[in-house]
Amino acid sequence: MSGESVGPGAAGLRRDAIGLREVLFQSITAMAPAAAVAASIPSGAAFAGGSLPLSVLIALVACLFTASCVAELARELPAAGSVSTYVAQGLHPAVGFLVGWGYVFVEALIPPLLLLQLGFTTAGTLHQEWPSYPADLWWPWALAGAAIIAVSGYAGVRASARFGTVLGVFEVVVLVVFAVWLIGRAGGDNTLSVFGTSHTAEGYEGITGVFAGSVYTVLAFAGFEAAAPLAEETRNPRRTMHRAVLGAALAIGLFYVLTTYAMTVYYGPDRFGEFGASGAASWEGVARASFGLLWVLVFLAVVNSAIANANACANVSTRTAFALARIRVLPSFLAVLHPKYRSPVAGIAVQTAVAVGAVLGLGFAYDPVTAFLLLATVIVTVVIGVYIVVNLACAGYFLRRRREALRPVRHLLLPALGIVAFVPALLTAAGLPAFDFVSELTAPVSYAGWVVGVWMATGVVVLVVLMRRHPRRIAETARVHFDEPSPTGLPQNGAVQR
């Protein structure tokens, strides 16, 4: 190759450090299952009402189209650059750079998003239990979460991934146990009619309400691809990545179906249109009213989910930044690794600074909930755009580079269906009223479009400069480092340094 790869990354990330269990939970925790069940999925109830379980099932099928594409590319191209490398190979290196530019930006914003949620959720619950605790004293909890994530990342991928595994198991087990308990308490009210269209909310009757609910539910699946940037640190990555990405999307999708069904039949499908993310008609509200003191476990599962998601996405952002810095399309210091843990310590430091700055800056400029909504809109808009482009890249890769392995259904039909599934979700996330159930965004949440536009326009400028001065660096966004020997003749990524 060009020899332009940056020095600090030459020894590479620690190879064979983690296995299927850890990378599976990397994707699972990046989907934030407990937080999604408690806060994200209920937003679809305003449209789907008691037919929300059907909406979740439809969203699961839709997301599996894109998960299949990501899994296929992850098996073919095990790279820390993940989506950037996939798009560079399947479409064009310049497009791959822009995808990486957008992806590393929004993945760096997910930790502050979750830290804000950690702060206002914890402060609000403590205030509800003990009114003397100030409801607006949210920021110490957010900073404590930032410190935990920074230490976890600094200690290396093995420590960070195992930490995420423990957190992920806890939140899933708590919600599954609660869901089974709700189903048992529902007794004779258990019904499969919630998988039909007879319980949709008023004004959104029939399949219209189910479709609207599924569009909002699709957003809860974001993050299933988060295992992919750990490919260079994973044992047998070609097989493991494929299983982790598909396994996470399928397993958590079924988890969403189970938990949503349980709450719907327990609460009552015909009045489920009033269900939401807070108050008596919410997961925490139902847990307080019917689960005794064990509601604390549900609360802890949601808090746990926020920390686990932030931890997983910090791994994604720092590995993606490392991959782009290694080929010098981002500043080279982001490729600096810890000599012992092989963790991208400079990237972790930058990630922590961004998280703390965004949490305190936006949280105090507006309020933590408004800051959360602003960041969420920026993140979801870009991530869904990335999913759409990766679907195109899957078709392009197998048509252009692996024609002998092309399977028309898997590599052409499923990407097309994935695009169709995510376009409505993209319009909804951006607040573009293409459907009557989409509300226009109001300030300051509406600023998200400008934030995304300015960042991507800056990326175009950087791309033009690099194409004129260092075109080979852009070409190297398509490079897969995993199988290459290092200058010493040893395997790339430091396999001997376990």
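Parameters at a glance
Residues numbered from 1 in each chain as written. Predicted model: local features only at pLDDT ≥ 70, side-chain atom pairs only at ≥ 80, totals over all residues. Heavy atoms only, no water. UniProt positions renumbered as here; feature names shortened; annotations may be inferred. Helix = DSSP H or I, 4+ residues; strand = E, 2+ residues; numbered from the N terminus. Buried < 20%, exposed > 50% of the residue type's maximum accessible area, 1.4 Å probe, protein only. Contact = heavy atoms within 4.5 Å. Areas by Shrake-Rupley, 256 points an atom, 1.4 Å probe, with all protein chains shown as cover. Phe/Tyr/Trp six-rings, centres within 6.5 Å; stacked < 30°, edge-to-face > 60°. Lys NZ or Arg CZ within 6 Å of the ring centre and 35° of its normal. Axes fitted to C-alpha atoms, helices over the stretch in contact; angles between N-to-C directions. Parallel < 35°, antiparallel > 145°, perpendicular 65-115°, else oblique. Left-handed = near helix turned anticlockwise from the far one by under 90°. Nonpolar A, V, L, I, M, F, W, Y, C, P; charged D, E, K, R; others polar. Core = buried A, V, L, I, M, F, W, Y, C linked by side-chain atoms within 4.5 Å. pLDDT = per-residue confidence, 0-100. Salt bridge = Lys/Arg side-chain N within 4 Å of Asp/Glu carboxyl O. Expected span 1.5 Å × (residues − 1).

In the nomenclature of an unreviewed UniProt entry, the chain is known as Amino acid permease of Streptomyces curacoi. Listed in UniProt under the heading Subcellular location (unreviewed entry), the comment for the chain reads: "Membrane".

A.B. asks: Help me out: how do you make sense of the overall build of the chain in this one?
C.D. replies: Each helix and strand counted, the chain has 17 helices and 0 strands in total. Each principal axis of the C-alpha distribution contributes one length, and for the chain these read about 65 × 55 × 40 Å. Here the chain holds 498 residues, and 59% of them are scored as buried. The contacts in the chain between residues at least 6 apart in sequence include a share of 81% that link residues at least 24 apart. In the form shown here, the chain has an accessible surface area of approximately 18500 Å², with 67% of it arising from carbon and sulfur atoms.

A.B. asks: It is not clear to me how the packing of aromatic side chains should be interpreted in this structure. Could you clarify?
C.D. replies: How two aromatic rings sit relative to each other is set out by the distance from centre to centre and by the angle between their planes. For the structure shown, the criterion picks out 23 aromatic pairs. With 5.0 Å between their ring centres and 85° between their planes, Phe47 and Tyr204 make a pair best called edge-to-face. Pair noted here: Phe47 is in helix 3 (residues 45-48) and Tyr204 is in the loop between helix 8 (157-186) and helix 9 (207-218), with a separation of 157 residues, a long-range link. For the pair Phe47 and Tyr204, a shared accessibility class is recorded, and that class is buried. Taken together, the ring pairs in this structure connect Phe178, Trp181, Tyr266, Trp283 and Phe291 into an aromatic cluster. Just above the ring of Tyr267 sits the side chain of Arg271; from NZ or CZ to the centre is 4.0 Å. It is Arg288 that lies over the ring of Trp295; its NZ or CZ is 3.8 Å from the centre.

A.B. asks: Help me out: how do you make sense of helix 5 (residues 83-90) in this one?
C.D. replies: In an α-helix, one full turn covers 3.6 residues, which means residues spaced three or four apart are oriented alike. Most of helix 5 sits inside the fold, with 8 of its 8 residues counted as buried. Within the span of helix 5, buried status applies to Val83, Ser84, Thr85, Tyr86, Val87, Ala88, Gln89 and Gly90. Structurally, helix 5 contributes buried residues whose contacts are with helix 4 (52-76), helix 6 (93-129), helix 12 (295-326) and helix 14 (368-400).

A.B. asks: Whenever I open this one, the packing of helix 6 against helix 12 confuses me. Can you help?
C.D. replies: The relative placement of two packed helices is expressed as an angle between their axes plus a distance between the axes. At a minimum axis separation of 8 Å, helix 6 and helix 12 run at an interaxial angle of 160°. Between helix 6 and helix 12, the angle is such that the two are roughly antiparallel. The interaxial crossing formed by helix 6 with helix 12 has left-handed handedness. Among the residues forming the contact of helix 6 with helix 12, the class breakdown is 19 nonpolar, 8 polar and 2 charged.

A.B. asks: What is the right way to read the nonpolar core from this model?
C.D. replies: Note on soluble globular proteins: their nonpolar side chains tend to be buried together. By size, the foremost hydrophobic cluster in this structure holds 133 residues, and its most contacted members are Phe178, Tyr256, Met263, Phe275 and Trp283. Broken down by element, this core gets its largest block of residues, 19 residues, from helix 14. Not counting the four nearest positions on each side in its chain, Phe178 is found in contact with Met263, Trp283, Val286, Ala287, Phe291 and Val298. Counting 20 residues, the second-largest nonpolar core is a separate cluster that includes Phe97, Ile327, Ala335 and Leu463.

A.B. asks: Would you take a moment to explain the packing of helix 6 against helix 14 for this structure?
C.D. replies: Where helix 6 contacts helix 14, the two axes come as close as 8 Å, and the packing angle between them is 150°. Classified by the angle their axes make, helix 6 and helix 14 are roughly antiparallel. Here helix 6 and helix 14 pass one another in a crossing that is left-handed.

A.B. asks: Please explain the confidence of the model for the chain as it appears in this structure.
C.D. replies: Low pLDDT means the predicted atomic positions in that stretch should not be read closely. For the chain, the mean per-residue pLDDT works out to 88, and 94% of the residues sit at or above 70. Scored below 50 in pLDDT, residues 1-10 shows 28 contacts in the model against residues more than four places distant or in partner chains. Taken as a whole, residues 486-498 scores under 50 in pLDDT and shows 30 contacts with residues more than four places along the chain or in a different chain.

A.B. asks: For this particular structure, what's the right way to read the pattern of salt bridges?
C.D. replies: Following the criterion strictly, the structure yields 12 salt bridges and no others. A salt bridge links Arg271 to Glu274; its shortest N-O distance comes to 3.9 Å. Judged by its relative accessible area of 44%, Arg271 falls in the partly exposed class. A salt bridge links Glu284 to Arg288, with the nearest nitrogen and oxygen atoms 3.1 Å apart. With Glu284 and Arg288 both in helix 11 (residues 283-290), this residue pair falls 4 residues apart, about one helical turn. The exposure class assigned to Glu284 is partly exposed, which follows from its relative accessible area of 24%. Given the relative accessible area of 23%, Arg288 is considered partly exposed.

A.B. asks: Looking at this model, I keep getting lost on the UniProt feature "domain: Amino acid permease/ SLC12A" (unreviewed entry) in the chain. Mind explaining?
C.D. replies: The UniProt feature table records "domain: Amino acid permease/ SLC12A" (unreviewed entry) at residues 23-467. End C-alpha to end C-alpha, residues 23-467 measures 35 Å, and it is 71% helix and 0% strand.

A.B. asks: It is not clear to me how unusual backbone geometry should be interpreted in this structure. Could you clarify?
C.D. replies: Most of the time, phi is negative for any residue but glycine, and the peptide bond is trans. In the segment running from Ala443 into Pro444, the intervening peptide bond is cis, with an omega of 0°. Summarising the element assignment, Pro444 is placed in the loop between helix 15 (408-429) and helix 16 (448-469). Its identity is not glycine, yet Ala32 carries a phi of approximately 50°, on the positive side. Its location among the elements puts Ala32 in the loop between helix 1 (20-30) and helix 2 (33-40). Note on Ala32: relative accessible area 7%, which makes it buried.

A.B. asks: Could you clarify how one ought to interpret helix 8 in this entry?
C.D. replies: Taking 1.5 Å as the rise per residue, helix 8 with 30 residues should run 44 Å; its terminal C-alpha atoms sit 43 Å apart, in good agreement. Directly after helix 8, the chain includes Gly187, whose backbone phi takes a positive value near 55°.

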